[in-house]
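Coordinates in review
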Amino acid sequence: MSGFISNLSNNANLWCTQTRVGSGNTESPLFKVTNGNTTSIWKMRIDWDAFKLSVMFVSASNDAEDKSFEVTTFCTGKETTITISTKQAKNYIIIGETSDCPCDYMHIFIKINVVCEPTNHRLLSNVTNDLAKALASENFSDIILVAKGGTEYKAHKVILSARSDVFDAMFRNECLESKTNRIEIDDMEADVMREMLNYIYTGKVVHEEMAPDLLMVANNC
């Protein structure tokens, strides 16, 4: 590879490198791949002693967070495809083997595409993020939950009611808490209440060590 890699036919996700057949390890320079609005940086390496071809995801633009890429190489008549996640950054991933080449030089082609997420998954992710923002901002909140020690958290009746049968019954029966828009839970620690609300809004547990406490809360909701 020794410093040479080129883009093919102005195709921003198809590249070719020419490398001299030899021994030891050879690496390509960094090269940039563009898929729509996503830009990523990559590198290739050949271990000639073991005939292993590897590829490394280095970095990507912010919109590529938690995305996966389909990496396909064409080498000495062989085509190999693997999937690499952005979570595997800066680690060489073996993509295949290079056969013993009778020529002095070998051409390696590499094509990289973003693995598209299903539309419903993206929509669900957007809804989750929006609900997390609603909880954090406290905008248009209409109920206050008070934890042990007096710590207060603002929330929204419609979300609590939709996600918890206990809260739903409380608001429907017009009990004192519903009329005062204030619910005091004296036996619940503030951090547990915060985690409970986060789970109600997003369905995610941020602090896994609190899962047993949340399980006890869930049994009462």
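Everything numeric here is computed off the predicted structure, so don't read it as measured data.

All right, on to the environment of Trp15 then. Within the secondary structure, Trp15 sits in strand 2 (residues 14-20). Accessibility expressed as a relative area gives 14% for Trp15, which makes it buried. Sequence separation between Trp15 and Phe109 is 94 residues, and the spatial gap between their C-alpha atoms is 5.7 Å.

A ring pair, where both rings are aromatic, is described by two values, the distance of the centres and the angle of the planes. Applying the stated criterion to the full structure yields four aromatic pairs. When the centroid spacing of 5.3 Å and the interplanar angle of 65° are considered together, the rings of Trp42 and Phe57 count as edge-to-face. Placement of the pair is Trp42 in strand 5 (residues 38-47) and Phe57 in strand 6 (residues 52-60), with a sequence separation of 15 residues. The exposure classification of Trp42 matches that of Phe57, with both residues buried. Put simply, the rings of Trp42, Phe57 and Phe69 pair up and form one aromatic cluster. Geometry around Tyr92 places Arg45 over its ring, the cationic atom sitting 4.2 Å from the centre.

Reading the values: the criteria
Residues numbered from 1 in each chain as written. Predicted model: local features only at pLDDT ≥ 70, side-chain atom pairs only at ≥ 80, totals over all residues. Heavy atoms only, no water. Helix = DSSP H or I, 4+ residues; strand = E, 2+ residues; numbered from the N terminus. Buried < 20%, exposed > 50% of the residue type's maximum accessible area, 1.4 Å probe, protein only. Phe/Tyr/Trp six-rings, centres within 6.5 Å; stacked < 30°, edge-to-face > 60°. Lys NZ or Arg CZ within 6 Å of the ring centre and 35° of its normal.

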